[in-house]
Amino acid sequence: MDRFESMRAFTRVVEAGGFAAAAREIGLTRSAVNKLVMHLEDDLGVQLLHRTTRKVTPTDTGIAFYERCVAILADLEEAKLAVTRLHEEPKGTLRINAPMSFGTLHLAPLVADFLGQYPDLRIELVLSDRIIDPIEEGFDITVRIAQPPESAHLIVHDLAQAPMVICGSPSYLAQKGIPNHPQDLKHHNCLHYGHIASVNYWQLVGSDGEHQVKIHGPLCSNNGEVLRDAAIKGQGLVLLPIFIVSNELQQAILKPVLEDYYAPKLSISVLYPVNRHLSTKVTLFTEFLSHSIKNNPLLQAQK
């Protein structure tokens, strides 16, 4: 029995949710895939899958073994490709998902520069502020600006910790006053990121400790540029990554407040499925993005 072939068959059955779907992906018959998994179970002396007429699901032992199989097969693939990876040019299509504001303001020009280096590559860049499942929706790379998920199926590559700033327009501050302490935010219109049904808090830290302030305001949105534009028009204060409001701060269209306090920074990370971590195009773009972000002061925390 080829143990690696059996392990590959087993992982595909788990991921596909059945023998028939796994067989189609592998290019074998359903019975051949079933035999490979049965041989693996016999070799290990354990049951890896619950089989019914309607579905196939891993046992508790099967789940633990699946996670080990994924890592082992990835290491095997890395060993096979190690001698050729550096000599390969990326080809085909690279599907990237990223948040709207970060994508338009910072990622788009980097994608153009990357394409200039690799003319045989095509990139499909999908910008959305919706939290997507990279595996289910078929993305090679997902840029996430939030706490990355914990998943055995995804590799997380941390890129930076983006600094945040609270700011408002001169007209709003002239009318409502400048807050001197986090608790003063209770008396301000705070334009917040999220949903209208959510209870929203801004967390700030200063020399007098940590403050969690319940905020309210006339507008919430899942897009930072929407909130920025509302702040520019005097609708309230915003708490946003500096990379969204840097131009407005430099031109004094928006003014920072509560500068003696800082909010938790946002994690910028790249996610990609385990089975893509050896892909030349994924590796090169991740390295390119990491280097570019490290050289962009707007995307690096100062405190």
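The structure displayed is predicted, hence computed values, not measured ones.

Asker: Can you tell me about the sheet that holds strand S12 (residues 237-241), naming the residues and giving the values?
Answerer: Hydrogen bonds between backbone groups are what pair the strands of a sheet, and the pairing can be parallel or antiparallel. An order of S11-S8-S12-S7-S13 is seen for the five strands of this open sheet, with the pairing classed as mixed. If you trace the sheet from one side to the other, it starts and ends with strand S11 (220-221) and strand S13 (255-257), each paired once. Here strand S7 (residues 164-168) pairs with S12 via four bridges, running antiparallel. By the bridge assignment, Cys-167 is partnered in S12 with Val-238. Against the sheet, helix H7 (residues 224-232) makes contact with strand S8 (190-193), S11 and S12, and its axis sits at roughly 175 degrees relative to S8, the strand it touches most. Across the face of the sheet, helix H8 (residues 242-250) comes into contact with S7, S12 and S13 while running at roughly 120 degrees to S12.

Asker: With reference to specific residues and values, describe the packing of aromatic side chains.
Answerer: Counting across every chain of the model gives six aromatic pairs. Taken together, a centroid distance of 5.1 Å and an interplanar angle of 85 degrees make the contact between Phe-114 and Phe-285 edge-to-face. Of this pair, Phe-114 sits in helix H5 (residues 100-117) while Phe-285 is found in helix H9 (residues 280-294), placing the two residues 171 residues apart along the sequence. In terms of burial, Phe-114 and Phe-285 fall into one category: buried. Grouping aromatic residues by their ring pairs yields a cluster made of Phe-114, Tyr-118, Phe-285 and Phe-288. The ring of Phe-139 has Arg-95 sitting right over it, with the charged end atom 4.3 Å from the ring centre.

What counts, and where the lines are drawn
Within each chain, residues carry numbers counting from 1 in the order of the written sequence. The predicted origin of the model limits local features to residues at a pLDDT of at least 70 and limits the giving and counting of side-chain atom pairs to 80 or more, whereas totals for whole chains, interfaces and linings rest on all residues. Only hydrogens and water are removed before side-chain values are computed, so all heavy atoms of the structure are retained for them. Strand pairing requires that DSSP identify at least two bridges connecting the strands. Only DSSP runs of H or I covering at least 4 residues are called helices, and only runs of E covering at least 2 are called strands; the numbering of each starts at the N terminus. Whether two residues touch is decided by their heavy atoms; if any such pair falls within 4.5 Å, the residues are in contact. Only the stretch in contact is used when a helix axis is fitted, and all axes are lines through C-alpha atoms; the angle between N-to-C directions ranges over 0 to 180 degrees. Pairing of aromatic side chains requires ring centres within 6.5 Å, counting the rings of Phe and Tyr and the six-membered ring of Trp. Pairs whose planes differ by under 30 degrees are stacked, by over 60 edge-to-face, and all others tilted. Per-residue accessibility, obtained with a 1.4 Å probe over protein chains only, is compared with the maximum for each type, and a residue is labelled buried under 20%, exposed over 50%, and partly exposed between these values. The criterion is that NZ of a Lys, or CZ of an Arg, lies within 6 Å of the ring centre and within 35 degrees of the ring normal, and then a charge sits over that ring.

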